[in-house]
Amino acid sequence: MSTDWLSLPELVELTGEPLGRVRRMLDEHQLIASRRFGAPRVPSVFLVDGAPISALRGTIIVLQDAGFSDDEAIDWLLAPEDSIGVAPIDALRQGRKSEVRRVAQTLA
């Protein structure tokens, strides 16, 4: 899946939250960022209407518990998943969090 990657200043502008709150979203796993492009960047598909997808936090935690690094978790969320039929992030955006988490739990 192709997505725009948002820098922290872009997240501040998009969410209307101060930088400290955006950093807290990352610390609290409401969002997950990659440093593969230098400064931390978040895939834009992780937000809807200027806020993190509510089901993303629990899914990130499940993936981290399964031993995924932040980059591995992001890659899994963005890549098509045969057992779901779409990329996990697309399923989360459609409200299918139970299905996504069930698959994520089998990855441990």
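Reference entry: report on the structure contained in this document. It should be emphasised that the depicted structure is a prediction, and the values quoted were computed from it without experimental measurement. Starting from 1, residues in each chain are numbered consecutively following that chain's sequence as written. For a predicted model such as this one, the threshold for reporting local features is a pLDDT of at least 70, and the threshold for listing and counting side-chain atom pairs is 80 or more; totals across whole chains, interfaces and linings nevertheless cover every residue. Side-chain descriptors were evaluated using all non-hydrogen atoms of the structure, hydrogens and water having been removed beforehand.

## Considering the packing of aromatic side chains
When the centres of two rings from Phe, Tyr and Trp lie within 6.5 Å, Trp using its six-membered ring, the rings pair. Their planes under 30 degrees apart give stacked, over 60 give edge-to-face, and anything left gives tilted. Tallying each qualifying case throughout the model produces 1 aromatic pair. Where Trp5 meets Phe37, the ring centres are 5.0 Å apart and the plane angle is 70 degrees; that geometry is what we call edge-to-face. Here the residue Trp5 occupies a position in strand S1 (residues 5–7), and Phe37 occupies one in the loop between helix H2 (19–27) and strand S2 (41–43), the gap between them amounting to 32 residues. Think of it in three bands: residues with accessible area under 20% of the maximum for their type are buried, residues over 50% are exposed, and the middle band is partly exposed, with areas taken using a 1.4 Å probe on protein chains only. The class of Trp5 is partly exposed, set by a relative accessible area of 22%. Elements are defined by DSSP. Helices are runs of H or I of four residues or more, strands are runs of E of two residues or more, and each kind is numbered from the N terminus.

## Some words on the environment of Arg41
Here Arg41 is to be found in strand S2. On the accessibility criterion, Arg41 (26% relative accessible area) is partly exposed. In this structure, the C-alpha to C-alpha distance between Arg41 and Leu8, residues 33 residues apart in sequence, is 6.7 Å. Of the polar contacts made by the side chain of Arg41, one reaches the backbone oxygen of Trp5; its length is 3.3 Å. Within 3.5 Å is the distance limit for a polar contact, defined as a pair of N or O atoms, with the added protein rule that one can donate a hydrogen and the other accept it, and that residues adjacent in sequence qualify only through two side-chain atoms.

## Description of the nonpolar core
For our purposes a nonpolar core is just a set of buried Ala, Val, Leu, Ile, Met, Phe, Trp, Tyr and Cys residues, chained together by side-chain atoms within 4.5 Å. Residues Leu31, Phe46, Leu56 and Ile89 are the most contacted members of the largest nonpolar core, which totals 34 residues. Contributions of two or more residues to this core are made by helix H1 (8–15), H2, helix H3 (56–65), helix H4 (70–78), helix H5 (88–93) and helix H6 (97–105). Considering each element in turn, this core owes the most residues, 5 residues, to H4. Should any heavy atoms of two residues lie within 4.5 Å, those residues are counted as being in contact. Sequence-distant contacts of Leu31, that is, excluding residues within four places in its chain, are made with Leu11, Met25, Leu26, Val42, Phe46, Leu47, Pro52, Leu56 and Ile60.

## Some points on H1
Restricting attention to buried positions, one finds in H1 the residues Leu8, Leu11 and Thr15. The buried residues of H1 occupy one face: seen down the axis, they fall within an arc of 50 degrees. Relative to its buried face, H1 has exposed residues pointing more than 90 degrees away, namely Pro9 and Glu13. Looking at the buried residues of H1, the elements they touch are S1, H2, S2 and strand S3 (47–48). Where H1 terminates, the next one or two residues include Gly16, which has phi positive at roughly 75 degrees. To be clear, the arc concerns the directions from the helix axis to the C-beta atoms.

## Quick notes on the packing of H3 against H6
Helix axes use the C-alpha atoms of the stretch in contact, all axes being lines fitted to C-alpha atoms, and the angles between their N-to-C directions lie in the range 0 to 180 degrees. Two numbers describe how H3 lies on H6: the axes approach to 9 Å, and their chain directions differ by 10 degrees. When the axis of H3 is compared with that of H6, the two are roughly parallel. Between H3 and H6, the contacting residues are Gly58, Thr59, Val62 and Leu63 on the first element and Val100, Arg101, Ala104 and Gln105 on the second. Polar here means any residue other than Ala, Val, Leu, Ile, Met, Phe, Trp, Tyr, Cys and Pro, which are nonpolar, and Asp, Glu, Lys and Arg, which are charged; Gly is therefore polar. Within the contact of H3 with H6, the residues separate by chemical class into 4 nonpolar, 3 polar and 1 charged. Orientation categories follow fixed angle ranges, with anything under 35 degrees roughly parallel, anything over 145 roughly antiparallel, 65 to 115 roughly perpendicular, and all other angles oblique.

Everything listed here is a matter of coordinates, which is why it stays silent on function.
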